[in-house]
Amino acid sequence: MAKAREIPGFEHARSFREAAASVVEVRTEEIFSFRAGVLDTGDIERVHDMRVATRRLRAAMEIFAPCFPRRKMFRRALRDVKSLADALGERRDPDVAIAGFERVGRALIAEDRAGIASLVDELRRRQEAGNEALAAKLDQIERDGLRERLLALVAEARAA
Amino acid sequence: MRARKVKGLDPDGPLDENLRRIVLVRLDELHSFVPAVLDPDEQDALHHMRIAAKRLRYILEVAAPLFGPGAERGAKEARKLQDLIGDIHDCDVSLPIVHRHAERLRTEDAAAVRAAAGARAKDVSPALLRDAPNRRRYRGLELLAVHLEARRDVLYARFLEEWARLEREDLRGTVQAALADVGTIRRDG
């Protein structure tokens, strides 16, 4: 799992608002840095990294919520971050279940593996569906300019 | 589970004061799920405690550069707790998935055996089971369910031990002391 990026100058922030702007800015860029390859079902760690980054941004937005003056725009951005997190979760959860079930399957004798294999097949279909939904969600957030809206909120917090 | 509101946050106020307020509320929130989580059947309470541990972890990770080793330790322990309860939650979520899959296979097999018996059958011969399409799949699924149940029990026992350890070591007090120290340093200049 990718480590959280450092927030330059965080400890010396002169106010809660100044810290808020720095944290949300860094966490926003972190999410979009994982965009490339996230739909590649051969590399499940990219989805995991993007999901963790999304959780960190969401947590930061919830912590620093009072620092963003445009409440409606903030709430909409937070809602979009949550829905991205949900789409990443729908895509990631079958990965985790498949890994766990296959681990159990490997420990069984060959003739006992068929049932687990049939369950894994079903989960792979869910994984594919999750990937399609994630692709649609990523297109949507690009069209809706989520990254730009988040950075605009950061700029306003700094100027306030 | 909605996060408890934190009163008195001031965007133009000092960073440490605001973070302190949030940490104290999140610490209380985590502890509010005891004693409910000490009942192994309280899956919802345990799930909510995991979310509370996650929120506490994230705020302590943000606050650690200001509040030092006590906050860092709090963040690590919150993360361990979150991960452990997460593994329990995975078992709780996986078991119904396994049962539902077995149910689907049974339904398919029942339909296949019914079809094999023929439209005018007055009864169903057990011999038709020999060709049920999923007949070799049940045992593996049952064994998987056995594993998940046993694993859940073991992980839950570990959770009780971990929680007892955190109470003995007074993690809450350690984190609260770390928050207080910064205030003292600031007041004394």
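For the structure itself, consult the block above.
A brief look at the structure comes next. Just so you know, these numbers come straight off a predicted model, no measurement behind them.

Observations regarding the overall build of chain B
And step 1. A count of helices and strands for chain B gives 5 helices and 0 strands.
And step 2. Along the chain direction, N to C, the helices and strands of chain B fall in the order α-α-α-α-α.
And step 3. Its C-alpha atoms give chain B a radius of gyration of 26 Å, more than 25% over the compact-globule value 16 Å for 189 residues.
And step 4. Based on the C-alpha atoms only, the size of chain B along its principal axes is roughly 95 × 35 × 25 Å.
And step 5. Burial status across chain B gives 43% buried among its 189 residues.
And step 6. Long-range pairs, those at least 24 residues apart, make up 74% of the contacts in chain B with a sequence separation of at least 6.
And step 7. Total accessible area computed for chain B in this model is approximately 10400 Å², and 52% of it derives from carbon and sulfur atoms.
And step 8. In chain B, 34 positive and 32 negative side-chain charges are present, and the distance between their average locations comes to 6 Å.

Quick word on the packing of helix α4 (residues 114–143) of chain A against helix α4 (residues 138–168) of chain B
And step 1. The contact between α4(A) and α4(B) brings their axes to 5 Å, and the two run at 80°. Taken together, the axis directions place α4(A) and α4(B) in an arrangement best described as roughly perpendicular. When α4(A) is examined against α4(B), the residues A:G115, A:I116 and A:L119 are found in contact with a partner set consisting of B:G140, B:L141 and B:L144.
And step 2. Looking at side-chain class alone, the contact of α4(A) with α4(B) contains 4 nonpolar, 2 polar and no charged residues.

A short note on the interface of chain B and chain A
And step 1. Counting residues at the interface gives 35 residues for chain B, matched by 29 residues for chain A.
And step 2. Per-residue buried area on chain B facing chain A is highest for B:P11, B:L15 and B:Y58; these three make up 22% of the total on that side.
And step 3. Applying the counting rule to chain B against chain A returns 4 salt bridges.
And step 4. When the shortest N-O distance is used, the salt bridge between A:E111 and B:R139 registers 3.2 Å.
And step 5. Put simply, the parts of the chain that give the side of chain B that touches chain A at least two residues each are α1 (15–31), α2 (43–67), α3 (69–117) and α4 of chain B.
And step 6. Across the side of chain B that touches chain A, the residue classes break down as 18 nonpolar, 6 polar and 11 charged.

Quick look at unusual backbone geometry
Residues and elements named next belong to chain B.
And step 1. A cis geometry characterises the amide bond from V34 onward to P35, with omega recorded as 15°.
And step 2. In this fold, P35 is placed in the loop between α1 and α2.
And step 3. Its identity as a non-glycine residue notwithstanding, D170 has a phi of 50°, on the positive side.
And step 4. Here D170 is to be found in the loop between α4 and α5 (171–187).
And step 5. Classification of D170 as partly exposed rests on a relative accessible area of 42%.

Calculation notes
The written sequence of each chain sets the order in which its residues are numbered from 1. As they are written, the chains are lettered A onward and the ligands numbered 1 onward, keeping that order. Where local features are concerned, this predicted model is filtered to residues with pLDDT of at least 70; where side-chain atom pairs are given and counted, the filter is 80 or more; whole-chain, interface and lining totals use all residues. Water and hydrogen atoms were dropped before computing side-chain values, which therefore reflect all heavy atoms in the structure. Put simply, DSSP marks the helices as runs of H or I at least four residues long and the strands as runs of E at least two long, and each gets a number from the N terminus on. Computation of the radius of gyration draws on C-alpha atoms, with the globule rule given as 2.2 Å multiplied by the number of residues to the power 0.38. Think of it in three bands: residues with accessible area under 20% of the maximum for their type are buried, residues over 50% are exposed, and the middle band is partly exposed, with areas taken using a 1.4 Å probe on protein chains only. The contact definition used throughout considers only heavy atoms, calling two residues in contact when any of these lie within 4.5 Å. Every accessible area reported is derived by Shrake-Rupley at a probe size of 1.4 Å, with residue values counting cover from the shown protein chains alone. Neither His nor the chain termini are counted; the positive set is Lys and Arg, and the negative set is Asp and Glu. Where a charge sits is defined by one atom per residue type, namely NZ (Lys), CZ (Arg), CG (Asp) or CD (Glu). Here an axis means a line fitted to C-alpha atoms, over the contact stretch when the element is a helix, while the angle between two N-to-C directions is reported on a 0 to 180 degree scale. For this classification, under 35 degrees means roughly parallel, over 145 means roughly antiparallel, 65 to 115 means roughly perpendicular, and everything else is oblique. For this classification, Asp, Glu, Lys and Arg are treated as charged, while Ala, Val, Leu, Ile, Met, Phe, Trp, Tyr, Cys and Pro are nonpolar and the rest, including Gly, are polar. Summed over both partners, the accessible surface that disappears when two parts come together, traced with a 1.4 Å probe, is what is meant by buried area. Only one rule defines a salt bridge in this text: a Lys or Arg side-chain nitrogen within 4 Å of an Asp or Glu carboxyl oxygen.

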